[in-house]
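Structure at a glance
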Amino acid sequence: MVSANAAQFWEDGACVVRHAITTTELAAARAAVDSLTAADELADLSALVDSDETPRFKAGVDHWRTRDEFLRIATTGSIPAVVARILDTDRLWLYEDSVLVKEAGSTVPTRWHTDDGYFHVEGDQLATVWLALDPSPRAAGSLRFVRGSHRADTRYRPTLFVTDDPIPNTIGAPAPTLDLDDQSVFGWDLAAGDLTIHHARTLHAAEGNSTPCARRALSIRYCGVATVVQPKPGAPTKVGMSTVSPGTSMAVAAEAVGLPEAILT
Ligand SMILES: O=C(O)CCC(=O)C(=O)O
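Scope of this entry: the structure provided in the associated data block. Predicted model, so just to flag it, every value in this text is computed and none were measured. (Residues numbered from 1 in each chain as written. Predicted model: local features only at pLDDT ≥ 70, side-chain atom pairs only at ≥ 80, totals over all residues. Heavy atoms only, no water.)

Quick notes on the side chain of Thr128
Looking at where Thr128 falls in the secondary structure, it is placed in strand β7 (residues 126–132). A distance of 2.8 Å separates a polar atom in the side chain of Thr128 from a polar atom in the side chain of Asp115. Aside from chain neighbours lying at most four places away, what touches Thr128 is Asp115, Phe119, Thr196, Ile197, His198, Ser219, Ile220 and Arg221. (Helix = DSSP H or I, 4+ residues; strand = E, 2+ residues; numbered from the N terminus. Polar contact = N/O pair within 3.5 Å; in protein donor to acceptor, adjacent residues only side chain to side chain. Contact = heavy atoms within 4.5 Å.)

Notes on empty space enclosed by the protein
Counted according to the given criterion, the structure contains one cavity of 30 Å³ or more. Taken as a whole, the largest cavity encloses approximately 100 Å³ of empty space. Looking at the largest cavity, it is lined by 15 residues, and the ones nearest its centre are Leu100, Trp130, Leu143, Phe161 and His204. For the lining of the largest cavity, the secondary structure elements donating two or more residues are β5 (110–113), β7, β11 (204–206) and β12 (215–224). (1 Å grid on protein atoms, 1.4 Å probe; cavity = no way out; pocket = protein on both sides within 12 Å on 5 of 7 lines; lining within 4 Å. Points joined across faces, edges and corners; volume = space filled by probe spheres on them.)

Concerning helix α5 (residues 250–257)
Of all the residues in α5, the buried ones are Met250, Ala253, Ala254 and Val257. Each buried residue of α5 lies within a common arc of 105° when the element is viewed along its axis, so the set occupies one face. Residues of α5 that are exposed and point more than 90 degrees away from the buried face comprise Val252, Glu255 and Ala256. Turning to α5, the residues buried within the fold contact β4 (92–102), β6 (121–122), β12 and β13 (228–229). In the stretch just after α5, Gly258 is the one whose phi turns positive, near 90°. (Buried < 20%, exposed > 50% of the residue type's maximum accessible area, 1.4 Å probe, protein only. Arc of directions from axis to C-beta.)

Looking at the site of the ligand
As a structural note, the neighbourhood of the ligand is formed by 13 residues, with Thr110, Trp130, Arg215, Ser219 and Arg221 the closest of them. At a separation of 3.0 Å, an oxygen atom of the ligand approaches a polar side-chain atom of His113. Within the side chain of His204, an N or O atom sits 3.0 Å from an oxygen atom of the ligand. Taking a 2 Å distance to the grid points as the criterion, the majority of the atoms of the ligand fall inside the largest cavity. Of all the elements, β12 adds the most residues to the shell around the ligand, at three residues. (Near = heavy atom within 4 Å. Sits in = over half its atoms within 2 Å of the grid points.)

Regarding unusual backbone geometry
The phi dihedral of Asp88 falls on the positive side, at around 55°, and the residue is not glycine. The class for Asp88 is exposed, based on a relative accessible area of 66%. The backbone of Phe161 shows a phi angle near 80°, a positive value even though the residue is not glycine. Along the polypeptide, Phe161 turns up in the loop between β8 (144–146) and β9 (185–187).

Some points on the packing of aromatic side chains
Centre distance and the angle of the planes are the two values used to describe a pair of aromatic rings. Under the counting rule described, the total for this entry stands at six aromatic pairs. Seen from their ring centres, Phe9 and Trp10 are 5.0 Å apart, and the 90° between their planes marks the pair as edge-to-face. Among the residues examined, Trp10 registers a relative accessible area of 29% and is labelled partly exposed. Ring geometry for Phe186 against Trp188: centres 5.5 Å apart, planes inclined by 80°, an arrangement best described as edge-to-face. Among the aromatic residues, those joined into a ring-pair cluster are Phe145, Phe186 and Trp188. Geometry around Phe57 places Lys102 over its ring, the cationic atom sitting 4.7 Å from the centre. The cationic tip of Arg147 hangs over the ring face of Phe186; the distance from NZ or CZ to the ring centre is 4.5 Å. (Phe/Tyr/Trp six-rings, centres within 6.5 Å; stacked < 30°, edge-to-face > 60°. Lys NZ or Arg CZ within 6 Å of the ring centre and 35° of its normal.)

What follows is the structure, encoded as structure tokens:
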């Protein structure tokens, strides 16, 4: 069983888990990411900032639907188990996953944002796992967090991720832009197979990737039993979500929407 500092998650807004997956799972996840890249199935986020540099920042969402490896990692084994313990939930659902490849030398940072503005779900049992598939020091773009930001009442407007421009028709305050060296900012250098877990309301960002290796990552976003459906105007649509009334508990909504439930052991 892998261990995590749940108290730090709730106090600071994020915690780290070392050696979270097996080498077999790591190899499978890397192969699945590479198959997405080879098939050109990822969106080019660098294009959103008009970057013409050769290394690109590419990403995609909900690849668990076509790659069983991602579904397996997100819903079985040590990752959902540790997330459920931290969130103190006896049921856990995969809201979505995201593959994020920052190629070696990409200068495109991930801008400050919180995740909750992108999710059509509300509640405290919302967390994102960021699983490093390559060695990820800060210079490669591992996530940095603002200490305690998840405890503030402010709700931030979702952005285009690589720019501070808000997604049209969304609501909320503009996310602040902090210096990564600010004393309120913290994070971890990660080895391949390590992960961080952050609360959906924790402000976070990442540098570009100035290392000579690609930074492949799998972000897995979860919701627990005490969450409810809450449509967020303008946020990216989620298949099936609009068929469920606001306020519906996740235990009912997940089945209607088709969100996979994790097997907690
Ligand atoms: O990988 C990145 O650069 C950003 C990922 C992120 O912010 C997230 O998954 O919440």
